[in-house]
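# Inside the fold
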Amino acid sequence: MQITAAVTHKLGQISIENLELAPPKSSEVLIKLVACGVCHTDLAGMNQLIPVALPAVFGHEAVGVVEQVGDGVDTLKKGDRVIVGFPSCGTCPYCIEGRPYACDNLNDLFFTGAYKDGTHRLNQNGVEVSSFFSQGAFADYAIVDSRNAVKVDIDSDDELAKLCSLGCGVMTGAGSVLNRAKPEPGSSLVVFGCGGVGMSAIMAAKIAGCSTIIGVDVLPARLEMSLEVGATHVINAKECDAVEEIKKITNGGANFSIESSGVPALALQALSCLRRTGLAILASVTGPAEVSVPLEPLLMNPSVTLAGLTEGGSNPQVFVPKLVQYYKEGRLPVDKMVKFYDFKDIEKALADTESGVTVKPILRF
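Since we're looking at a predicted model, the values are computed, not measured. (Residues numbered from 1 in each chain as written. Predicted model: local features only at pLDDT ≥ 70, side-chain atom pairs only at ≥ 80, totals over all residues. Heavy atoms only, no water.)

### Some thoughts on the nonpolar core
Ile83, Phe138, Leu323 and Val334 are the most contacted members of the largest nonpolar core, which totals 107 residues. Setting aside chain neighbours within four positions, we find valine 334 in contact with Lys162, Leu163, Leu166, Val170, Met203 and Tyr327. Membership of the second largest hydrophobic core comes to 16 residues, among which are Val190, Val216, Ala270 and Cys273. (Core = buried A, V, L, I, M, F, W, Y, C linked by side-chain atoms within 4.5 Å. Buried < 20%, exposed > 50% of the residue type's maximum accessible area, 1.4 Å probe, protein only. Contact = heavy atoms within 4.5 Å.)

### Quick notes on helix 12 (residues 346-355)
Within the sequence span of helix 12, burial applies to Ile346, Ala349, Leu350, Asp352 and Thr353. The arc enclosing the buried residues of helix 12, seen along the axis, measures out at 165 degrees, which places them on a common side. Along helix 12, exposed side chains directed more than 90 degrees from the buried face belong to Glu347 and Glu354. Those residues of helix 12 that are buried lie in contact with strand 1 (2-8), strand 2 (15-21), helix 1 (40-46), strand 17 (338-342) and strand 18 (360-364). In the segment just after helix 12, glycine 356 is the residue with positive phi, at about 85 degrees. (Helix = DSSP H or I, 4+ residues; strand = E, 2+ residues; numbered from the N terminus. Arc of directions from axis to C-beta.)

### Looking at the pattern of salt bridges
For the coordinates displayed, the defined rule picks out 15 salt bridges. For the salt bridge of arginine 364 with aspartate 158, the shortest nitrogen-to-oxygen distance reads 3.0 Å. You can see arginine 364 sitting in strand 18 and its partner aspartate 158 sitting in helix 4 (residues 157-161), a full 206 residues away along the chain. On the accessibility criterion, arginine 364 (26% relative accessible area) is partly exposed. Lysine 348 is paired through a salt bridge with aspartate 352; the nearest N and O atoms lie 3.4 Å apart. One end of the pair is lysine 348 and the other is aspartate 352, both in helix 12 and 4 residues apart, which spans about a single turn. (Salt bridge = Lys/Arg side-chain N within 4 Å of Asp/Glu carboxyl O.)

Next comes the structure, spelled out in structure tokens:
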């Protein structure tokens, strides 16, 4: 079938064009997209910080309605509203254990542009086009594996559109707190970078009962929003030494920190602001980068941990419904960080993502 998609042929460029989309294969579903969030990971791929084969259709925070199901799909049917999570193979030891975020084939499924059978679903005049995250959701239709599409109890397309980032950004931020950190009530938690991922981590810290929740950023509007969604303190890193300020607020250091800014140097700050036995979680995508970690802080501050984590340590089929329930209860107010853009205005949405003007741009089809 013919679809309309935003295609990247060259580094950093995008244009809306017609493509051919193959029908769903066994275990796959065709989704008519309602909306798709814009994520910094899309920008990283478009700018080739992540080496994705071009031409490509980016976009990986899709929501929509199932239009057609492939052979063997019995978990979804036509008309189901779904939030699309990240792809995983379903057959490696980690997937079998219920830990798809550690899937052996994760990088291939995220970044090669092919699906788990090694083939593509998009082409243009006979030329294969990559589907980012085995999704390619900057388009009006997409094919995804049924294990990655989560049926949700949402009454309208308008409400569904607000929840795009539950499939990636919110899952990553909230999951870093609820699935990995698992703070006890009364804990202290710091978030470096109050974008979509960081804002979600702040919301989740409040859900978890953290008594001290600190948002660190350089944009006043984001710091103000952080206070609205759960932060007890905010720090403008342009105005002071963030690590020293965190230690003052927490009387010596935080129990947990989440690095979600995508700035490699902040990984060291996330580690340095901890108290003994603290945990720092790297939840952002930076592309190739190296950070020198002095051993002295580790030796002088025993048992601190620096952990990498993909997709918030989440199993989408289990975690996304929980996030939807938190949203319905008013405890995960992701709608506060959303701004909608018409699909034709995708370049504006991408620019506003990069500049930080909008926390979570969402394209509507």
